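Single-letter residue listing:
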Amino acid sequence: MQVNEHKPLIVAFCCNWCSYAGADLAGNNRLNYPADVKIIRVPCSCRVNPMFVLRAFQRGADGVIICGCHPGDCHYTSGNYYTRRRMAALFSMLDFLGIERERTRLEWVSAAEGAKFAATMNDFVEKVTALGENKRLEDLRCKR
Amino acid sequence: MQKITQNQLIEKAASLLSDGTVNAVLGWSRGEFGYDVTPKMFKTEEDLKENFVWNDFCGVNFSKYLVSKTDRFDGKILVFLKPCDTYSFNQLLTEHRFEREKVYAVGIPCEGMVDVIKLKAVTGEGISEIKEDGENLLVTTIYEDAPVKVAFKDVLLERCINCKSKKHVAYDELMGDEGEVIESKRFDEVAKIEAMTPDERFAFWQNELSRCIRCNACRDACPACTCEKCVFDNPQSGVENKAPANSFEEKMFHIIRAYHVAGRCTDCGECSRVCPQNIPLHLLNRKFIKDINEFYGEYQAGAEVGSRAPLVDYTTEDLEPGEVFDRRDIDA
Ligand code: SF4
Ligand code: SF4
Ligand code: FES
């Protein structure tokens, strides 16, 4: 029997000051999360230009997640508040265009929350895997 | 069917030119076919008398032109602004895109403008002459002997059918009576799409956006799009100027275009007006406006100078993106 399970590609933008360290902690504690998650470190969640999200989809991502410091805890005081508005607007627009809403997510994960990081990624990967390949925002020129 | 006449505007412009209040007039000039009215800088009374027009085809919003015109022209410019244009005018001032002192703004009332695509759908191509006749337009084409009668209200631009304001929010001088902000139905269409299933929404947009020929007219006409270097001109962007070879480009282009003006878009309707492919760009803009109103409180870009655009602002209590969807599911 041929099992042709699609392995999703997940891009996770992680803030250097919290979630990136959270990912480290998850690793140190040997918590499992799928290797399909490709982490891109950003100095702050608000460094994530909405175009990065679209670009990730263009280059073949099946899901994009942005992780930042909890509201109130941003290293630069207010970066994540801007992220929150921007991503709410962007995700809502993607939904409006008929792109599955489970493909995008914003989560707050601190440096002490290794377990939350792993759990979040597991849950996200599971949801995206269930959706299958990203067909609605794919760029044929970038097909691997 | 404009209430204010072309001659009144020419007289006003000529007198402001001759008394030295202004040195040039930014106005609409006669095109070849009556419907292809073109922006022009008038510097003499003769030119005004010969070429200046004011009719049902003067949809062009001059606010954006002020950015380049005030930059390149030494002296004061007279500009005529319809109510919707004044919102763009304020928004550009908020963004410091031109110097207010270099402009003399005259607010003029507007009864709505004609959509040439809708008009041609009735009359066919080959329009040679357009005359006003009460509430109708008499359109002569090169193919028919008798002119075709078209009701003015049947060929209005979408933005005029759903006009949001007859009130001028900026001017130095006002001609005619001041209007009111209107309770418009402009979000109805957006709500209809929101109520579709994701598959239907995707099919709807695929159908609309696949017609895009990437002429960039929507960007070029938009008074909120005034960056000197635009991402769409960058060959590295993956969405540079070219015919869409694949559907991602269209979607990316349209999401980025609408997102770039989110919170700053005054809903002036220029993008949809200029699109040669009749793509309902206003629906994308209004989706952002509707969301912003629902999530962060009512906001009208350009209503006043100096207001802070919602996407460069925040409160500590804002909705999470996930909550946005939860809320919608509960509403549904
Ligand atoms: S996006 Fe369209 S409606 Fe909004 S300001 Fe630009 S041209 Fe006007
Ligand atoms: S004006 Fe219309 S056809 Fe041209 S780029 Fe914009 S949406 Fe596409
Ligand atoms: S520093 Fe982590 S979100 Fe701003």
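Residues numbered from 1 in each chain as written. Chains lettered and ligands numbered in written order. Predicted model: local features only at pLDDT ≥ 70, side-chain atom pairs only at ≥ 80, totals over all residues. Heavy atoms only, no water.

Colleague: Tell me what's going on with the site of ligand 1, and back it up with residues and numbers.
Modeller: All names here are of chain B. Close contacts around ligand 1 come from Cys222, Pro223, Arg257, Val261, Cys265, Thr266, Asp267, Cys268, Gly269, Glu270, Cys271 and Asn285, and that covers them all. Because more than half of its atoms lie within 2 Å of the grid, ligand 1 is assigned to the second largest cavity. Partitioned by chemical class, the residues of the shell around ligand 1 number six nonpolar, three polar and three charged. (Near = heavy atom within 4 Å. 1 Å grid on protein atoms, 1.4 Å probe; cavity = no way out; pocket = protein on both sides within 12 Å on 5 of 7 lines; lining within 4 Å. Sits in = over half its atoms within 2 Å of the grid points. Nonpolar A, V, L, I, M, F, W, Y, C, P; charged D, E, K, R; others polar.)

Colleague: Explain the sheet that holds strand β7 (residues 148-151) of chain B to me, using residue names and the numbers behind them.
Modeller: Residue and element names in this part refer to chain B. Pairing within the open sheet is antiparallel, and its three strands lie in the order β5-β6-β7. Strands at the two margins of the open sheet, each flanked by one partner only, are β5 (127-133) and β7. Ignoring which end each strand starts from, the neighbouring axes of this sheet average 30° apart. Strand direction decides the pairing type here: strand β6 (residues 136-141) and β7, joined by four bridges, are antiparallel. (Pairing = 2+ DSSP bridges. Helix = DSSP H or I, 4+ residues; strand = E, 2+ residues; numbered from the N terminus. Axes fitted to C-alpha atoms, helices over the stretch in contact; angles between N-to-C directions.)

Colleague: Could you give me a rundown of the packing of aromatic side chains, with the residues and numbers involved?
Modeller: Taken as a whole and assessed by the stated rule, the structure comprises 18 aromatic pairs over all chains. Between Phe33(B) and Tyr35(B), the aromatic rings sit 5.7 Å apart at their centres with planes inclined by 15°, giving stacked as the arrangement. Ring pairing ties together the aromatic residues Trp28(B), Phe42(B), Phe52(B), Trp54(B), Phe62(B), Tyr65(B) and Phe80(B), which thus form one cluster. Taking NZ or CZ as reference, Arg41(A) lies 4.9 Å from the ring centre of Tyr20(A), over its face. In this arrangement the basic side chain of Lys164(B) is found over the ring face of Tyr87(B), its NZ or CZ atom lying 5.1 Å from the centre. (Phe/Tyr/Trp six-rings, centres within 6.5 Å; stacked < 30°, edge-to-face > 60°. Lys NZ or Arg CZ within 6 Å of the ring centre and 35° of its normal.)

Colleague: Report on unusual backbone geometry, specifying residues and quantitative values.
Modeller: All names here are of chain B. Even without glycine at this site, His96 takes up a positive phi of about 55°. Examined against the element boundaries, His96 turns out to sit in the loop between α4 (83-94) and β4 (103-107). Look at Asn216: it is not a glycine, yet its phi comes out positive at around 70°. Counting through the fold element by element, Asn216 comes out in the loop between α8 (198-209) and α9 (217-221). According to the relative accessible area criterion, Asn216 is buried, its value standing at 4%. (Buried < 20%, exposed > 50% of the residue type's maximum accessible area, 1.4 Å probe, protein only.)

Colleague: Hey, could you go over the domain arrangement of chain B for me, with residue numbers and the actual values?
Modeller: Residue and element names in this part refer to chain B. One can read the domain layout of chain B as domain 1 (6-115 + 163-174), domain 2 (118-155) and domain 3 (188-331). Each of domain 1 and domain 3 was reduced to a C-alpha centroid, and the two centroids are 27 Å apart. Contact with domain 1, which involves 16 residues of that partner, is made by 22 residues of domain 3. Across the interface of domain 1 and domain 3, roughly 1600 Å² is buried in total on both sides, 50% from carbon and sulfur atoms. Inspection of the domain 1/domain 3 interface yields one salt bridge. Of the charged contacts, one joins Glu95 and Arg264 as a salt bridge, the two residues approaching to 3.0 Å between their closest N and O atoms. (Domains from an automatic or database assignment. Contact = heavy atoms within 4.5 Å. Buried area = accessible area lost by both parts, 1.4 Å probe. Salt bridge = Lys/Arg side-chain N within 4 Å of Asp/Glu carboxyl O.)

Colleague: Go over the sheet that holds strand β2 (residues 37-42) of chain A, please, and point to the residues and values.
Modeller: All names here are of chain A. Read across the open sheet, the four strands follow the order β2-β1-β3-β4; overall the sheet is parallel. Unpaired on one side and paired on the other, β2 and β4 (104-108) mark the two borders of the sheet. The mean angle between the axes of side-by-side strands here comes to 20°, regardless of whether they run parallel or antiparallel. Here strand β1 (residues 10-15) pairs with β2 via six bridges, running parallel. The partner of Ala12 across the bridge, within β2, is Ile39. Across the sheet, helix α4 (residues 114-131) is in contact with β1, β2, β3 (63-68) and β4; its angle to β4 comes to roughly 170°.

Colleague: I'd like to hear about the pattern of salt bridges, residue by residue, with values.
Modeller: Pairing of side chains with opposite charge becomes possible as their charged atoms draw close. Counted according to the given criterion, the structure contains 33 salt bridges over all chains. For Asp95(A), the salt bridge goes to Arg201(B), with nearest N and O atoms at 3.2 Å. Here Asp95(A) is found in helix α3 (residues 79-96), whereas its partner Arg201(B) is found in helix α8 on a different chain. As far as the burial class goes, Asp95(A) and Arg201(B) line up, both buried. Between Lys192(B) and Glu189(B) there is a salt bridge; the shortest N-O distance is 3.6 Å. Linking Lys192(B) with Glu189(B), this pair stays in helix α7 (residues 188-194), spanning three residues, or about one helical turn. You can call Lys192(B) exposed: its relative accessible area is 54%. For Glu189(B), a relative accessible area of 37% puts it in the partly exposed group. Through salt bridges with shared partners, a single ionic network connects Glu194(B), Lys287(B), Lys290(B), Asp291(B) and Glu294(B).

Colleague: Let's hear about the site of ligand 2: which residues, and what values?
Modeller: Residues and elements named next belong to chain B. In the vicinity of ligand 2, 14 residues are found, and the nearest of them are Cys212, Cys215, Asn216, Cys218 and Cys275. When contributions to the shell around ligand 2 are tallied by element, the ones reaching two or more residues are α9 and α10 (247-260). In terms of residue class, the shell around ligand 2 is built from ten nonpolar, three polar and one charged.

Colleague: Help me get a handle on a negative patch on the surface, residues and values and all.
Modeller: Side chains of Asp71(B), Glu99(B), Glu101(B) and Glu228(B) sit close together on the surface and give a patch of like negative charge. Mapping Asp71(B) onto the fold places it in helix α3 (residues 63-72). (Patch = residues over 30% accessible without salt bridge, like charges linked within 9 Å, V, L, I, M, F, W, Y side chains within 5 Å. Areas by Shrake-Rupley, 256 points an atom, 1.4 Å probe, with all protein chains shown as cover. Lys, Arg positive; Asp, Glu negative; His and termini not counted. Charge placed at Lys NZ, Arg CZ, Asp CG, Glu CD.)

Colleague: Tell me about empty space enclosed by the protein, residues and numbers included.
Modeller: In this approach a probe as big as a water molecule rolls over the atoms, and the regions it shows empty are the leftover space. Residues and elements named next belong to chain B. Under the defined criterion, the tally for this structure stands at five cavities of 30 Å³ or more. Approximately 150 Å³ is the volume attributed to the largest cavity. Contributing to the lining of the largest cavity are 16 residues, with Cys84, Arg159, Cys160, Cys163 and Lys164 lying nearest its centre. Secondary-structure elements contributing two or more residues to the lining of the largest cavity are α4 and α6 (158-161). By residue class, the composition of the lining of the largest cavity is six nonpolar, three polar and seven charged. Lining the lining of the largest cavity are residues from two domains, each supplying at least three of them: domain 1 (6-115 + 163-174) and domain 3 (188-331). (Points joined across faces, edges and corners; volume = space filled by probe spheres on them.)

Colleague: Any chance you could break down the confidence of the model for chain B for me, citing the residues and the numbers?
Modeller: Residue and element names in this part refer to chain B. Summing up the model confidence of chain B, the mean pLDDT is 93 and the portion of residues at 70 or higher is 97%. When the elements of chain B are averaged for pLDDT, helix α13 (residues 321-331) gives the smallest value, 82, and β4 the largest, 98. Reported for the predicted complex are a pTM of 0.94 and an ipTM of 0.93. (pLDDT = per-residue confidence, 0-100.)

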